[in-house]
Amino acid sequence: MTIRFDGQVAIVTGAGGGLGREHALALAARGAKVVVNDLGAARDGSGGSATAAEAVAVVAEIEAAGGEAMANAASVTDAAAVEAMVAEVMARWGRIDILVNNAGILRDKSFAKMELADFQLVMDVHLMGAVHCTKAVWEIMRTQNYGRIVMTTSSSGLFGNFGQANYGAAKMALVGLMQTLAIEGAKNDIRVNALAPTAHTRMTEDLQGLPLEALGPELVTPGLIYLVSRDAPTRAILAAGAGGFERAYVTLTQGDFAIGPDASEQVAARFDAISDRKNEIVPDMGAAQGMIELTKAQQHHSS
Ligand SMILES: NC(=O)c1ccc[n+]([C@@H]2O[C@H](COP(=O)([O-])OP(=O)(O)OC[C@H]3O[C@@H](n4cnc5c(N)ncnc54)[C@H](O)[C@@H]3O)[C@@H](O)[C@H]2O)c1
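This is a predicted model, so every value here is computed, not measured.

Right, let's get into the site of the ligand. Close contacts around the ligand come from 30 residues, with Leu19, Asp38, Asn102, Tyr167 and Thr201 the closest. For the ligand, a nitrogen atom lies 3.0 Å from a polar atom in the side chain of serine 75. If you list the elements that add at least two residues to the shell around the ligand, you get helix H1 (18–29), helix H4 (116–144), helix H6 (165–185) and strand E6 (190–198). Residue composition of the shell around the ligand, by class: 12 nonpolar, 15 polar and three charged.

Dropping the structure here:
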């Protein structure tokens, strides 16, 4: 069945260009009223304009296609400006169904050369930006008993990438945020997922060796659309690029047991068994780890 968002309101941060723009256009084309947020920053997060011309242009594009949208120039790093954006949306449209945390910047350098300020700013935009926006809509979604939130993560966070210690840390932090918010949001039908895109945008224009023409950002958006739909999953990490879609998981092996004065040496000797991925699980929540460990301890003590 065609996925539609008629009567729904969506906020997409960083939607003046790149992936966010594609997400905003697709949401509007499928019936959502869309808040096109963008500060109009340079790729390294510098600058920003009160008018955020790119966001205004995306709104014009949506309206020209018969859709409804509003531009917003709040920096996601500014909690008060984000709250004001949400208040404005509520005053105009009365509800918020979808939040796509997409705004992002890069400050790439090897960790040896990275200034703490570059680390802090990247954490502020990606992690705290998503926290500010999510916090501002959370109570609204709880009251509505409906919400769909996507965190934009990255393969750099999930798997690492040279020169991106700050970005990778922030992107994996968003997965941690998603894991707990999905648990806390479940009783109010708030579903929270993470999207790990690969796309040719301003952010990736310097990447060598990638066939950038095959990596249009519009090829990622179908994954986003599913993650914010009525029938969305929750707690999924969906990877997407060039028309390919994959899932990433945080898993736990069954492991082994080591206790006693030489437990450290046992861990060393059995590291292969501890690492064995046969029967590994995707825990429903953090407590699963303790349960697996206690079960092994009980088995040991009763044998
Ligand atoms: N392009 C990729 O391959 C790729 C891979 C992994 C993750 N991502 C993530 O996808 C998201 C979108 O990136 P993109 O590739 O479209 O890059 P992009 O630079 O085209 O888009 C990012 C947008 O965020 C806006 N922005 C930056 N700081 C902001 C702030 N403080 N408040 C509001 N808006 C702000 C920018 O002005 C820009 O329009 C980012 O979170 C990025 O980290 C992209």
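The next thing to look at is the sheet that holds strand E7 (residues 237–241). Spatial strand order, E3-E2-E1-E4-E5-E6-E7-E8: eight strands in an open sheet with mixed pairing. Each edge of the open sheet carries a strand with a single partner, namely strand E3 (68–72) and strand E8 (244–248). Along the sheet, successive strands turn relative to each other by an average axial angle of 20°, direction set aside. For strand E4 (residues 98–101) and strand E5 (residues 147–152), the ladder comprises four bridges, and the chain directions are parallel. Following the sheet pairing, isoleucine 98 is matched in E5 by arginine 148. Relative to strand E1 (residues 9–12), H1 is tilted by about 170°, and along the sheet it contacts E1, strand E2 (33–37), E4 and E6.

This part is about the domain arrangement of the protein chain. When the domains of the protein chain are assigned, the result is domain 1 (9–248) and domain 2 (263–302). Inter-centroid distance (C-alpha atoms) of domain 1 to domain 2 is 36 Å.

The next point concerns the packing of aromatic side chains. One pass over the full model with this rule turns up one aromatic pair. Judged by centre distance (6.4 Å) and plane angle (75°), the rings of phenylalanine 111 and phenylalanine 119 are edge-to-face. On the accessibility criterion, phenylalanine 111 (60% relative accessible area) is exposed. Arginine 230 extends its terminal NZ or CZ atom over the ring of tyrosine 146, reaching a point 5.1 Å from the ring centre.

Summed over all chains, the structure comprises 12 salt bridges. If you follow the salt bridges from partner to partner, you end up with Arg21, Glu22 and Glu61 in one network.

Turning to the side chain of threonine 152, a few remarks are in order. Among the secondary structure elements, threonine 152 is positioned in strand E5. Residue class for threonine 152 comes out buried when judged on its relative accessible area of 6%. Polar side-chain contacts of threonine 152 include one of 2.6 Å to the backbone oxygen of asparagine 101. When near neighbours in sequence (up to four residues on either side) are disregarded, threonine 152 contacts Asn101, Asn102, Lys171, Leu174, Leu195 and Pro197.

On to H1. If you check H1, its first and last C-alpha atoms are 17 Å apart, about what 12 residues at 1.5 Å a residue would give, namely 16 Å. Of all 12 residues in H1, nine are buried, a share of seventy percent or more. Inspection of H1 places Leu19, Gly20, Glu22, His23, Ala24, Leu25, Ala26, Leu27 and Ala28 among the buried residues, and these make up the whole buried set. Elements in contact with the buried residues of H1: E1, E2, helix H2 (53–64), E4, E6 and helix H7 (221–227). Of the residues trailing H1, glycine 31 is marked for its positive phi of about 105°.

The subject of this paragraph is the environment of glycine 157. In this fold, glycine 157 is placed in helix H5 (residues 155–159). Under the relative-accessibility criterion, glycine 157 is labelled buried at 14%. Distance in space between the C-alpha atoms of glycine 157 and lysine 171 is 4.9 Å, their sequence separation being 14 residues. Sequence-distant contacts of glycine 157, defined by excluding residues within four places in its chain, comprise Gly168, Lys171 and Met172.

With that settled, the discussion passes to H4. The α-helix advances 3.6 residues per turn, and as a result positions three or four apart in sequence lie on the same side. Here H4 contains 29 residues, and its C-alpha end-to-end distance of 40 Å stays within 8% of the 42 Å for a straight helix at 1.5 Å per residue. Its axis deflected by about 35° at tryptophan 138, H4 carries its strongest bend there.

Another aspect to go through is the packing of H1 against H2. At a closest axis distance of 10 Å, the pairing of H1 and H2 adopts a crossing angle of 25°. In terms of axis orientation, H1 runs roughly parallel to H2. Seen from above, H1 lies across H2 with right-handed handedness. Of the residues in H2, those touching H1 at Arg21, Ala24, Leu25 and Ala28 are Val58, Glu61 and Ile62. Partitioned by chemical class, the residues of the contact of H1 with H2 number five nonpolar, no polar and two charged.

This part covers the pairing of E2. Among the five residues in E2, four count as buried, and that is most of the element. Here E1 runs beside E2; their pairing, made up of four bridges, is parallel. Opposite isoleucine 11, over in E2, you have valine 35 as the bridge partner. For E2 and E3, the ladder comprises five bridges, and the chain directions are parallel. Residue pairing for E3: asparagine 37 is matched across the bridge by asparagine 72.

What counts as what
- Residues numbered from 1 in each chain as written.
- Predicted model: local features only at pLDDT ≥ 70, side-chain atom pairs only at ≥ 80, totals over all residues.
- Heavy atoms only, no water.
- Near = heavy atom within 4 Å.
- Polar contact = N/O pair within 3.5 Å; in protein donor to acceptor, adjacent residues only side chain to side chain.
- Helix = DSSP H or I, 4+ residues; strand = E, 2+ residues; numbered from the N terminus.
- Nonpolar A, V, L, I, M, F, W, Y, C, P; charged D, E, K, R; others polar.
- Pairing = 2+ DSSP bridges.
- Axes fitted to C-alpha atoms, helices over the stretch in contact; angles between N-to-C directions.
- Contact = heavy atoms within 4.5 Å.
- Domains from an automatic or database assignment.
- Phe/Tyr/Trp six-rings, centres within 6.5 Å; stacked < 30°, edge-to-face > 60°.
- Buried < 20%, exposed > 50% of the residue type's maximum accessible area, 1.4 Å probe, protein only.
- Lys NZ or Arg CZ within 6 Å of the ring centre and 35° of its normal.
- Salt bridge = Lys/Arg side-chain N within 4 Å of Asp/Glu carboxyl O.
- Expected span 1.5 Å × (residues − 1).
- Bend = angle between axes of the 7 residues up to and from the residue.
- Parallel < 35°, antiparallel > 145°, perpendicular 65-115°, else oblique.
- Left-handed = near helix turned anticlockwise from the far one by under 90°.

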